Structure formats: C-alpha cells, structure tokens
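Breakdown of the fold
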Amino acid sequence: MIGGGGIAQTAFGDCRRENVVAITDVDDVSGALGFDAFPNAKRYRDFRKMLDTHDQELDLVIVSTPDHTHFVATYAAIERGIAVQTQKPLTHDLWQARTLQKAAKKFGVQTVMGNQGHNFEGRNRRSAGSFERQMGLM
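As a starting point, this report considers the structure included with it. (Residues numbered from 1 in each chain as written. Predicted model: local features only at pLDDT ≥ 70, side-chain atom pairs only at ≥ 80, totals over all residues. Heavy atoms only, no water.)

Okay, the overall build of the chain next. Each helix and strand in the chain was counted, giving 6 helices and 5 strands. Pairs at least 24 residues apart make up 50% of the contacts formed inside the chain by residues separated by at least 6 positions. Put simply, the chain shows about 8,400 Å² of open surface, and 49% of that area lies on carbon and sulfur atoms. (Helix = DSSP H or I, 4+ residues; strand = E, 2+ residues; numbered from the N terminus. Contact = heavy atoms within 4.5 Å. Areas by Shrake-Rupley, 256 points an atom, 1.4 Å probe, with all protein chains shown as cover.)

If you check which residues of helix 3 (residues 47-54) are buried, you get Phe 47, Met 50, Leu 51 and His 54. Along the axis of helix 3, the buried positions cluster into a sector of 95°, meaning they face one direction only. Buried positions along helix 3 lie against strand 1 (22-24), strand 2 (42-44), strand 3 (60-63) and helix 4 (70-79). The N-terminus of helix 3 is capped by Asp 46, whose side-chain oxygen sits 2.8 Å from the backbone nitrogen of Arg 48. (Buried < 20%, exposed > 50% of the residue type's maximum accessible area, 1.4 Å probe, protein only. Arc of directions from axis to C-beta. Polar contact = N/O pair within 3.5 Å; in protein donor to acceptor, adjacent residues only side chain to side chain.)

Okay, the packing of aromatic side chains next. Throughout the structure, instances matching the rule amount to 2 aromatic pairs. When the ring of Phe 71 is compared with that of Trp 95, the centres are 5.6 Å apart and the planes differ by 55°; the resulting orientation is tilted. Residue Phe 71 is found in helix 4, and its partner Trp 95 is found in helix 5 (residues 94-107); the two are separated by 24 residues along the sequence. Among the aromatic residues, ring-to-ring pairing joins Phe 71, Tyr 75 and Trp 95 into one connected group. (Phe/Tyr/Trp six-rings, centres within 6.5 Å; stacked < 30°, edge-to-face > 60°.)

Let us now look at the pairing of strand 3. The side chains of a regular strand alternate, first on one face of the sheet and then on the other. Bridge count between strand 3 and strand 4 (residues 83-87): 4 bridges; the pairing is parallel. Opposite Val 63, over in strand 4, you have Thr 86 as the bridge partner. Each parallel crossover has a hand, and for strand 3 linked through helix 4 to strand 4 it is right-handed. (Pairing = 2+ DSSP bridges. Right-handed = clockwise from strand over helix to strand, strands pointing away.)

Shown next, in the form of structure tokens:
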C-alpha cells in the first residue's frame, strides 16, 4: 500500500485477507491507521524505496496518497511490472493519462482507478449519510 491513512482505510476491509507486504506513508500519525491494521507489513516513508525493495514480492500496489502524487506513484509501480489500483483522480491532465496508458501496455500490467464509493458493501443500497457513518464522520 502506498498511503496508509486517510482514504486508504476504505481498502482495508478487503485487504485484511491478503498478505500486505509493505505500507508507505510519509506521516506516522496518518499512516498509523494502516500500520496498526497490518502490523506485519514493513513500514516505509518513501514509496520508491519500498518498490525497489519489494518489487519481486508484490502482485498489486494500492495508491491512496494525496492527489498530486497519484501519477508518479502509479507510474513507479507500472514500470516495475506491478499491477496497480489508484484512487481518483488518476491523473491531472491528458499527458499523464496517456503516459500511464502507454506504460501499462508496454509493461503488461493491469490497472484500475479506484472510487472509494465502490469499496463499501451495499453500495447500491446506501442510504443518505451511510458513507459518513462508515468513515466515522457522523
């Protein structure tokens, strides 16, 4: 996981059954959510170092960082041949989108853009305020 706090927690439920190898977060306080949820995962502050160390072990990387880092973190995973799920917005301009598209094809990896609204059970049955309740905002 690249990003262990904030919106990253929307992916934790489905990831609890998986072998989470490493979590990267530059903020120990925010990242504590992920670090605590996956105590056996190695901790990093720099996703590039994490990818370099574990690239042969990773089947998938989930990018849940602030928006301005989505492109560079996603590209870093793709160029190492790792499938990647990135929270929205995937990119900020057409060049970035086309660059990721070309890289995914070149390196033969699958990619998907996440939408946290799809990460919750019962998405189609959601009542007003349920997202806020699940995120602890109500």
